[in-house]
Amino acid sequence: MDDKRRRTRVQGAWAGSGKSQAVTQPGRNLQGSCASATAKSHLQQRPGQTWTNKEQHLSDRQFVFKEPQQVVRRAPEPRVIDKEGVYEISLSPTGISRVRLYPGFIDVKEANWVLDRLRQDVPWKQRTGIREDVTYQQPRLTAWYGELPYTYSRVTMEPNPHWPPVLLTLKSRIEENTGHTFNSLLCNLYRHEKDSVDWHSDNEPSLGRCPVIASLSFGATRTFEMRKKPPPEENGDYTYVERVKIPLDHGTLLIMEGATQADWQHRVPKEYHSREPRINLTFRTVCPDPRGAHS
């Protein structure tokens, strides 16, 4: 019996020892594996290096702010024409729009004399205009010469065939130098800086297709402004259209031809500085019947 109990204790000891080894061995192996891996990791990097590497990795990604890709439309700067020459200002299906500028077409001494004669001999009159069914006094004085009446902006100028000699002389000189002929004349007197003419085109049916307008100026220099008519998709918005500015000095001749009246508008705006009187003569050809106008 004693021998049997002894054997049982010995076996139990061995069993316990074996069980203990079996349970603890994996733990030691796991701990040893982690320790080994940690030791290996510590051999490869210094303390704190892991965080440093992360910071370096983040710093490599630099944040760059980019503006949204938007198309910014800007109104073009006006083109200034102030030298003698021929200028093609646009090309469209309608045709070429062209202006010709001749500063000093009438020399200063003769231009001074002409200005005085025109102020005295022309029957200047301030007429009533109509805009959007509202009547107003035109901010300038006008006169008309020609065998036929002329209607513009709902204002009709009655025929006046009695041309003063000075106007006939100027008409002949322009015709000889340009090769164009004219049968009518609209005269404008701008008394001071507040007188003006608003945006418009000389495109009345009685002038025919692609009319030629010869504009001769005397007196104070005023700026003649032009703007291109916008395409249909702009719905009448003139904000971004091409523009031209032409200072018209004493004795200067300006010719507008081609598709200028079809594709462009022009005006003489009010000014903020004092201006002496200015007279502008615009020679043109009026057809007796719009259906008989030149094409």
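Keep in mind that this is a model prediction, so the values were computed, not measured.

Draft legend 1. A look at the sheet that holds strand E16 (residues 278-284). Strand order in the open sheet made by the seven strands is E2-E3-E14-E11-E16-E9-E6, with antiparallel pairing throughout. Looking at which strands have only one partner, the edges of the open sheet turn out to be strand E2 (85-92) and strand E6 (141-146). The mean inter-strand angle of the sheet, taken between neighbouring strand axes irrespective of direction, is 15°. Both strand E11 (residues 213-219) and E16 contribute to a ladder of six bridges, which runs antiparallel.

Draft legend 2. Local environment of the side chain of Ser215. As for its position among the elements, Ser215 is in strand E11. With relative accessibility at 3%, the residue Ser215 sits in the buried group. Side chain to side chain, Ser215 and Asn280 meet in a polar contact 2.7 Å long. Among all residues touching Ser215, those that are not within four sequence positions of it are Leu248, Thr252, Leu253, Leu254, Asn280, Leu281 and Thr282.

Draft legend 3. Region of interest: helix H3 (residues 108-121). Its 14 residues place the ends of H3 20 Å apart at the C-alpha level, agreeing with the 20 Å of an ideal helix rising 1.5 Å per residue. Within H3 the residues assigned to the buried category are Ala111, Val114, Leu115 and Leu118. Across the axial projection of H3, the buried residues extend over an arc of 105°, all falling on one side. Exposed side chains of H3 directed beyond 90 degrees from the buried face belong to Lys109 and Gln120. If you follow the buried residues of H3, they end up packed against helix H4 (165-178), E11 and E16. The N-cap residue of H3 is Asp107: its side-chain oxygen and the backbone nitrogen of Lys109 are 3.2 Å apart.

Draft legend 4. Main features of the packing of H3 against H4. In contact at an axis separation of 10 Å, H3 and H4 are set at 135° when each is read in the N-to-C sense. By the angle between their axes, H3 is oblique relative to H4. Along its contact with H3, which presents Glu110, Trp113, Val114 and Leu118, the element H4 presents Val166, Leu167, Leu170 and Arg173. When grouped by side-chain class, the residues that make up the contact of H3 with H4 number six nonpolar, no polar and two charged.

Draft legend 5. Here's a closer look at the pairing of strand E13 (residues 243-248). Here E13 shows a buried face lined by Val244, Ile246 and Leu248 and an unburied face lined by Arg243, Lys245 and Pro247. As judged from the two bridges shared by strand E1 (residues 79-80) and E13, these two strands associate in the parallel manner. Bridged to Arg79 within E13 is Val244. Note: strand E12 (residues 222-228) against E13, six bridges, orientation antiparallel. By the bridge assignment for E13, Glu225 is matched with Lys245.

Draft legend 6. The arrangement of the environment of Gln265 in detail. Topologically, Gln265 is positioned in strand E15 (residues 264-268). The sequence separation of Gln265 and Ser201 amounts to 64 residues, and the corresponding C-alpha distance is 4.8 Å. When near neighbours in sequence (up to four residues on either side) are disregarded, Gln265 contacts Trp199, His200, Ser201, Glu225, Met226, Arg227, Lys229 and Tyr238. Separated by 3.4 Å, the side chains of Gln265 and Tyr238 make a polar contact.

Draft legend 7. Highlighting the side chain of Glu175. With respect to the element layout, Glu175 can be found in helix H4. You can call Glu175 buried: its relative accessible area is 18%. Other than its neighbours up to four places away in sequence, Glu175 contacts His180, Thr181 and Phe182.

Draft legend 8. View of H4. With 14 residues, H4 extends 20 Å between its outermost C-alpha atoms, agreeing within 8% with the 20 Å of an ideal straight helix rising 1.5 Å per residue. Buried within H4 are the following residues: Val166, Leu167, Leu170, Lys171, Ile174 and Glu175. Down the axis of H4, the buried side of the element spans an arc of 165°, and every buried residue falls inside it. Relative to its buried face, H4 has exposed residues pointing more than 90 degrees away, namely Pro165 and Glu176. On its buried face, H4 is in contact with H3, E6, strand E9 (184-190), E11, strand E14 (253-258) and E16.

Rules and cut-offs
- Residues numbered from 1 in each chain as written.
- Predicted model: local features only at pLDDT ≥ 70, side-chain atom pairs only at ≥ 80, totals over all residues.
- Heavy atoms only, no water.
- Pairing = 2+ DSSP bridges.
- Helix = DSSP H or I, 4+ residues; strand = E, 2+ residues; numbered from the N terminus.
- Axes fitted to C-alpha atoms, helices over the stretch in contact; angles between N-to-C directions.
- Buried < 20%, exposed > 50% of the residue type's maximum accessible area, 1.4 Å probe, protein only.
- Polar contact = N/O pair within 3.5 Å; in protein donor to acceptor, adjacent residues only side chain to side chain.
- Contact = heavy atoms within 4.5 Å.
- Expected span 1.5 Å × (residues − 1).
- Arc of directions from axis to C-beta.
- Parallel < 35°, antiparallel > 145°, perpendicular 65-115°, else oblique.
- Nonpolar A, V, L, I, M, F, W, Y, C, P; charged D, E, K, R; others polar.

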